[in-house]
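Descriptive structure summary
As a plain string of letters, each chain reads:
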Amino acid sequence: MPDPTSYRPKPIPAANAATSAGTDDGAGILLEQLKTPSDDDVAAITHLWIATGLIPAIRDARKDIENCINANHGSLIVARLPSDRQIIATMMTGHDEISGWIHYLAIAEFVQSLGLGRQLVELAEDILRVSNLAEVRVTIETPEITDFYAKLGYEPTTDAPQIKAHDVFQTTLMCKRLTP
């Protein structure tokens, strides 16, 4: 998997993050590929995933994090505030040598609507494009997220079965072509 540390995100409006978080020093958001997360990192990621509804409150994210990091084709990217290094967003990306995948895209509520989610998806697409993959896929479990990905050019696939999750919403597989 290509190293995404050379990626330079577009500026996130520091004033909005500072107002909401009270901790941003105006330097922007730091992106980091976690290769050996600390116990504090795992706890922060678990908390973020629970807060954003990605996992239930009784679950520890450690196994999912370890699986991604130990995979030959996986990357765990986190976004941090520069002032206190608080993890405010996560994204896992990887591939199965056929399709690229985006997993665990989570953005802390106080920095949502600033474009960070879009930038993380674009980073995942760039990483997967360098790996010579033709498409990227994402599994959606909530209707609001379907709208987010649709705005980024993702379309529901018709070849994947709809799976009922949590007795509320049909899980949807969406994909986007990476090559023209």
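Per chain, residue numbering runs from 1 following the sequence as it is written. In keeping with the model being predicted, local features are shown solely for residues with a pLDDT of at least 70 and side-chain atom pairs are shown and tallied solely at 80 or more, while totals for entire chains, interfaces and linings include all residues. The basis for every side-chain value is the complete set of non-hydrogen atoms in the structure, without hydrogens or water.

Next up on the list: the overall build of the protein. Comment: elements are numbered from the N terminus, with helices defined as DSSP H or I runs of at least four residues and strands as E runs of at least two. In terms of helices and strands, the protein carries 5 helices and 8 strands. Burial classes: relative accessible area under 20% of the type maximum marks a residue as buried, over 50% as exposed, and values in between as partly exposed (1.4 Å probe, protein chains only). Counting over 180 residues, the protein shows a buried share of 44%. Contacts between residues were defined by any pair of non-hydrogen atoms, one from each residue, lying within 4.5 Å. Long-range contacts, defined here as pairs at least 24 residues apart, represent 63% of the contacts in the protein between residues at least 6 apart. Note that accessible areas follow from Shrake-Rupley with a 1.4 Å probe, and for residues the cover is restricted to the protein chains shown. With an accessible surface of roughly 9,800 Å², the protein has 52% of that area assigned to carbon and sulfur atoms.

A word on the pattern of salt bridges. We define a salt bridge as a contact between a side-chain nitrogen of Lys or Arg and a carboxyl oxygen of Asp or Glu at a distance within 4 Å. Here the structure, examined in full by the defined rule, presents 8 salt bridges. Among the ionic pairs, Glu-32 bridges to Arg-80, the shortest N-O distance being 2.6 Å. In this pair, Glu-32 is assigned in strand β1 (residues 30–33) and Arg-80 in strand β2 (residues 74–80), connecting sequence segments 48 residues apart. Look at Glu-32 and you get partly exposed, because its relative accessible area is 24%.

Before going further, it helps to spend a moment on the packing of aromatic side chains. Aromatic pairing here means that ring centres of Phe, Tyr or Trp (its six-membered ring) are within 6.5 Å. Orientation follows from the plane angle: under 30 degrees is stacked, over 60 is edge-to-face, and everything else is tilted. On inspection of all chains with the given rule, the structure shows 3 aromatic pairs. Ring centres of Trp-49 and Tyr-104 lie 4.0 Å apart, and the angle between their planes is 20 degrees; on these two criteria the pair is classed as stacked. In this pair, Trp-49 is assigned in helix α2 (residues 39–51) and Tyr-104 in strand β4 (residues 100–107), connecting sequence segments 55 residues apart. Judged on exposure class, the residue Trp-49 and its partner Tyr-104 are both buried. Measuring from ring centre to ring centre gives 5.1 Å for Phe-148 and Tyr-149, while their planes differ by 80 degrees; the resulting arrangement is edge-to-face. One aromatic cluster is present, formed by Phe-148, Tyr-149 and Tyr-154 through successive ring pairs.

Our next topic: the nonpolar core. Taken as a class, soluble globular proteins show a tendency for nonpolar side chains to be buried jointly. Buried Ala, Val, Leu, Ile, Met, Phe, Trp, Tyr and Cys residues that are joined via side-chain atoms within 4.5 Å together make up what is termed a nonpolar core. Core analysis: the largest hydrophobic core is formed by 44 residues, its most contacted members being Trp-49, Ile-102, Leu-116, Tyr-149 and Tyr-154. Those elements giving two or more residues to this core turn out to be α2, α3 (62–70), β2, β3 (87–95), β4, α4 (116–130) and β5 (135–140). The biggest single contributor to this core is α4, with 7 residues.

All right, on to the confidence of the model for the protein then. The pLDDT value expresses, per residue, how confident the predictor is, ranging between 0 and 100. Per-residue confidence for the protein gives a mean pLDDT of 81, with 77% of residues at or over 70. pLDDT under 50 marks residues 1–26. Its contacts with residues more than four places away, or in other chains, come to 56 contacts.

So, on to α2. Spanning 13 residues, α2 covers 18 Å between terminal C-alpha atoms, matching the ideal 18 Å at 1.5 Å per step. Of the residues making up α2, those classed as buried are Asp-41, Val-42, Ile-45, Thr-46, Leu-48 and Trp-49. End-on view of α2: buried residues confined to an arc of 165 degrees, all on one side of the axis. Exposed residues on α2 whose side chains face more than 90 degrees from its buried face are Asp-39, Asp-40, His-47 and Ala-51. Where the residues of α2 are buried, they touch α3, β2, β3 and β4. Two residues or fewer after α2 comes Gly-53, characterised by a positive phi angle close to 80 degrees. The length a helix should cover is 1.5 Å for every residue beyond the first. Here, the arc refers to the directions that run from the helix axis to the C-beta atoms.

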